[in-house]
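Spelled out from the first residue to the last, the chains are:
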Amino acid sequence: MRIANLSGRLVLVSHDRAVDVHEASDHRFSPEPQAIYERWDEFRTWAADADLRTGAPFDPADLGAPAPDPRQLLAVGLNYREHVAEAGYSTPEGMPPVFTKFTSSITGPVTDVMLPEEGNTDWEVELVAVIGRHARDVRAAEAWDYVAGLTIGQDLSERVLQMSGPAPQFSLAKSYPGFSPMGPCLVTPDELGDPDNLNLTCSINGEQVQHGSTQQLIFPVPDLIAKLSAVLPLSPGDVIYTGTPSGVGLGRTPQRWLKAGDELVSSIHGIGELRQRMLAA
């Protein structure tokens, strides 16, 4: 099953056509995309028999984030070994670095992003998991049962602010407006064959700068959910950015940053792609 946020309304997506959930369910479910996660199991049961033949074509530019207003947006750092090496850190043990991205930075899959003035803005393609059930002290072996679906995220990062001060400013530096695009849709794990082995790529103006597989995650999605839910409760609709593979601008010699006019394309096989165009401040 694939769901999306089309112009602020929840839709089911099939073969590039969208079915309005509120209308198709005779108003049983809210049109608001974020609201569906509180009723995820009930919704999945209904959607399994939904008539998708009434779907209409849509413009990807009209899509918003599939989880536009989560209670928590948690992000994981240093979760691919080659990225750990390029960043100059040691491989995390026990618990990976975790920070927040503030929800005001969330946007949809096709956007313009204004680059912060006098900043060094970097790219980080990531697999994103959205929680579908209340999760507390979940075992890794059962963690996929708590995932509503997977989508693509870009963890855009302004490195000057991030590295300033006596300690890194991860959350602020990664939360400028437009710095958390997600989409284009949310895909349930059963649609993806092996959700632990998905290919990610990122390109700038057609040049591939990142390529990896979620098979290379140090802490796969089930382990992240287990570790996070042991510390804090995860609520339906919460968002987890799972980390980026190597190839970011910070780890290059010379270092490279996004500039006005660049088109950033982030993709995950089986889910789709994001497109961000960079604008001058």
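What you see is a predicted model; the values in this text were computed from it and never measured.

Quick look at the overall build of the protein
So, step 1. In terms of helices and strands, the protein carries 6 helices and 19 strands.
So, step 2. In terms of overall dimensions, the protein is globule-like: its C-alpha atoms have a radius of gyration of 18 Å, near the 19 Å expected for 281 residues.
So, step 3. C-alpha atoms of the protein, sized along the principal axes, occupy 55 × 40 × 30 Å.
So, step 4. Across the 281 residues that make up the protein, the buried fraction comes to 53%.
So, step 5. Carbon and sulfur atoms make up 49% of the accessible area of the protein, which amounts to about 12200 Å² in all.

Some thoughts on the sheet that holds strand S19 (residues 272–279)
So, step 1. Taken in spatial order, the 5 strands of this open sheet run S9-S19-S18-S15-S16, and their pairing is mixed. Edge positions in the sheet fall to strand S9 (110–114) and strand S16 (207–213), since each has one partner strand and no second. Direction aside, the axes of adjacent strands within the sheet are offset by 15° on average.
So, step 2. Note that S9 and S19 share 5 bridges and pair parallel. Bridging across to S19, aspartate 112 finds its partner in arginine 277.

Quick look at helix H2 (residues 40–47)
So, step 1. The set of residues buried in H2 consists of Trp40, Phe43, Trp46 and Ala47. Viewed end-on, H2 has its buried residues packed into an arc of 125°, placing them on one side of the element.
So, step 2. Contact partners of the buried residues in H2: strand S1 (2–6), strand S2 (9–14), helix H1 (21–24), strand S12 (147–154) and strand S14 (180–187).

Concerning the state of the cysteines
So, step 1. The tally for this structure, following the rule as stated, stands at 0 disulfides.
So, step 2. Left without a disulfide partner, cysteine 202 is nearest to the cysteine sulfur of cysteine 185, which lies 18 Å away.
So, step 3. Relative accessible area serves as the criterion here: at 1%, cysteine 202 is assigned to the buried category.

Focus: the pattern of salt bridges
So, step 1. Applying the stated criterion to the full structure yields 21 salt bridges.
So, step 2. One salt bridge in this structure joins arginine 53 and aspartate 51, with 2.9 Å as the shortest N-O distance.
So, step 3. Looking at arginine 53, the relative accessible area reads 73%, which means it is exposed.
So, step 4. Aspartate 51 gets classed as partly exposed once you look at its relative accessible area, which sits at 36%.
So, step 5. Each of the salt bridges in this network shares a partner with another, and the network as a whole consists of Lys101, Asp122, Glu124, Asp155, Arg159 and Lys174.

Cut-off values and rules
- Residues numbered from 1 in each chain as written.
- Predicted model: local features only at pLDDT ≥ 70, side-chain atom pairs only at ≥ 80, totals over all residues.
- Heavy atoms only, no water.
- Helix = DSSP H or I, 4+ residues; strand = E, 2+ residues; numbered from the N terminus.
- Rg over C-alpha atoms; globule rule 2.2 N^0.38 Å.
- Buried < 20%, exposed > 50% of the residue type's maximum accessible area, 1.4 Å probe, protein only.
- Areas by Shrake-Rupley, 256 points an atom, 1.4 Å probe, with all protein chains shown as cover.
- Pairing = 2+ DSSP bridges.
- Axes fitted to C-alpha atoms, helices over the stretch in contact; angles between N-to-C directions.
- Arc of directions from axis to C-beta.
- Contact = heavy atoms within 4.5 Å.
- Disulfide = S-S within 2.5 Å.
- Salt bridge = Lys/Arg side-chain N within 4 Å of Asp/Glu carboxyl O.

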